[in-house]
Amino acid sequence: MSTHTLPDLVPDSKIKLPKQAERTLGSGLTVIAIRRPAVPLVEMRLRVPFGRAPLARATLLSQSLFTGTSSMNSIDIASELQTVGGGLSAGLDPDRLHISGNSLAAGLDRMLEILAGILTDPTYPADEVGVERDRLADHIQVAQSQPGHLARTALLKRMYGRHPYAVQTPEADQIKGVRPGQLRALHADRVRPDGAVLVLVGDLNPDKAIDAAEKALGGWTGTGRDGTVPPTPALEPGPLLLVDRPGSVQSSLRMALPAVPRTDPDYAALQLANLVFGGYFSSRWVENIREDKGYTYGPHTAIEHYLAGSDLVVAAEVATEVTGPALLETVYELGRIASLPPGEDELEQARRYALGTLRLGMSTQAGLAGLASIYASFDLRLDYLTDHSAALSAATREQVAEVAARYLAPAKAVTVVLGDADKVEAQLATLTTVERSAE
């Protein structure tokens, strides 16, 4: 019998953290600057608390943020950023408004000046907002024709019920009803520095970069509205929810299972259990339903973190005729990871993947900026990488098995299937109780 020798871990398993500095300004803005001089660029990430903001207005605001200030229109902003080799973009999640950008290291001051103008002096001109509103409404209408989007929408509602996280995409008609004046009011009310975190990473002197941020953003002041979101409700498994999509040649299978925040003692073991189950290409679930049976092309699982709670989400698109068998194999693999410890080699492979992706994620300026920004949103700093790396290295088979039993047992899953109900309901009903969506 042949044996496969796994390569040694990166010899230096201790993560070396880069030089950094941090300061909380009088306005309540926290600035973190990290030196990573690989190339003469600076990456910028700003996250502003935005929980419980009106969804349609907040979504359009994130898409219209760069439409103009009293001294620059959108074309001016773009061309000014281009002169320093940079750009800015914005997005929204259920907890925060986030602004990303980069520039040449020598252009940091100018990028921060432009950012300050956008934060403190936005105009949201009607014609520009109109263009963004139409574009966003079209984008949402296209998304709502995609089965993956519809399945996730149904899963979120099933997971969260009346919680603010239950709806994360507005309707196109809601977007069409938003006016520029409402964006200006929302910006004045919520785009505030108190509790926000600015991360700068690149070819910079950390203390001087913070000085530059303090100088440029000194006029950005004010306390934002409290957007604290209540804790997410516990998942209630219940019957499988079947959402009808007549004529669909595929079914979208979605599951949610309980998870824990990054700071929980169980988190490293849960991450490893998830990898063994379905979190990467060499996992049991992928091997089973993709490689062995050919039911799907790209099954994936991920632990999703929000400020108010964490969940593990399982997703696969499968052919209509194998919807029942695919669910059966998924439940089987969840039951297997929840009831049997992983093999030594299997666990080591998952561990190396986890440690490797951790290092890969911080190997570029953009990756490091993203990590530092996300962590800071959860009141963590880069030293978390060292602690988490040690926890991943130390987790035993017994710990992984114990955590898998607690969180990944199939009886704990919330399950949604979107597909041609007339063709898949009987298949699914042989495995579990099925409830058709009323919508």
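Up top you'll find the structure we're talking about.
Structure report, in brief. (Residues numbered from 1 in each chain as written. Predicted model: local features only at pLDDT ≥ 70, side-chain atom pairs only at ≥ 80, totals over all residues. Heavy atoms only, no water.)

Describing the pattern of salt bridges
Spelled out, the test is: The term salt bridge refers to a side-chain nitrogen of Lys or Arg lying within 4 Å of a carboxyl oxygen of Asp or Glu. For helices the rule is a DSSP run of H or I covering at least 4 residues; for strands it is a run of E covering at least 2, with both sets numbered from the N terminus onward. Per-residue accessibility, obtained with a 1.4 Å probe over protein chains only, is compared with the maximum for each type, and a residue is labelled buried under 20%, exposed over 50%, and partly exposed between these values.
Here the structure, examined in full by the defined rule, presents 21 salt bridges. Salt-bridge contacts for Glu-113 lead to Arg-110; the nearest nitrogen and oxygen are separated by 2.8 Å. Taken together, the residues span about one helical turn, with Glu-113 and Arg-110 both in helix 3 (residues 108-120) at a distance of 3 residues. Using a relative accessible area of 44% as the deciding quantity, one classes Glu-113 as partly exposed. Salt bridges sharing common partners tie together Asp-244, Asp-422, Glu-425 and Arg-436.

Regarding the environment of Leu-112
Put simply, the rule reads: Contacts: residue pairs with any heavy atoms within 4.5 Å of one another.
Checked against the element boundaries, Leu-112 lands in helix 3. Overall, Leu-112 belongs to the buried group, its relative accessible area being 0%. With 102 residues separating them in the primary sequence, Leu-112 and Glu-214 have C-alpha atoms 9.6 Å apart. Sequence-distant contacts of Leu-112, defined by excluding residues within four places in its chain, comprise Leu-198, Leu-200, Ala-212, Ala-213, Ala-216 and Leu-217.

Describing the pairing of strand 5 (residues 96-104)
A regular strand places its side chains so that they alternate between the two faces of the sheet. Note the threshold: One bridge is not enough; two strands pair if DSSP finds at least two bridges between them.
Pairing between strand 3 (residues 41-49) and strand 5: 9 bridges, direction antiparallel. Bridge pairing in strand 5 places Arg-45 opposite Ser-100. In terms of strand pairing, strand 4 (residues 87-92) meets strand 5 through 6 bridges, oriented antiparallel. In the strand pairing of strand 5, Leu-88 is matched with Gly-101. Connecting the antiparallel pair strand 4 and strand 5 is a turn made up of 3 residues.

What to know about the packing of aromatic side chains
Note the following rule: Aromatic pairing here means that ring centres of Phe, Tyr or Trp (its six-membered ring) are within 6.5 Å. Orientation follows from the plane angle: under 30 degrees is stacked, over 60 is edge-to-face, and everything else is tilted. We call a charge positioned over a ring when the NZ of a Lys or the CZ of an Arg lies within 6 Å of the ring centre and within 35 degrees of the ring normal.
Counted by the stated rule, this structure contains 5 aromatic pairs. A connected cluster of aromatic rings, assembled from ring pairs, spans Tyr-160, Tyr-165 and Tyr-306. Directly above the ring of Phe-50 sits Arg-190, whose terminal nitrogen or CZ lies 5.4 Å from the centroid. In this structure, Arg-262 is placed above the aromatic ring of Phe-378, and the distance from its NZ or CZ to the ring centre is 5.0 Å.

Focus on the pairing of strand 1 (residues 20-24)
Here strand 1 pairs with strand 2 (residues 30-35) via 5 bridges, running antiparallel. Directly across from Glu-22, in strand 2, lies its bridge partner Ile-32. Counting the residues that bridge the hairpin from strand 1 to strand 2 gives 5 residues, and of these Gly-28 lies at a positive phi of roughly 100°.

Topic: the sheet that holds strand 11 (residues 414-419)
Heads up, the condition is: Lines fitted to C-alpha atoms define the axes, with helix axes restricted to the stretch in contact, and inter-axis angles between N-to-C directions lie between 0 and 180 degrees.
If you walk across this open sheet you meet the 6 strands as 9-10-8-11-7-12, and the pairing is mixed. Two strands bound the open sheet, and with one partner strand each, they are strand 9 (300-306) and strand 12 (434-436). If you compare each strand with its neighbour and ignore which way they point, the axes differ by 25° on average. The pairing of strand 9 with strand 10 (residues 309-319) spans 7 bridges and is antiparallel. Looking at the pairing, Ala-302 lines up with Val-313 of strand 10. Here helix 9 (residues 267-279) sits on the sheet in contact with strand 9 and strand 10, set at roughly 150° to strand 9.

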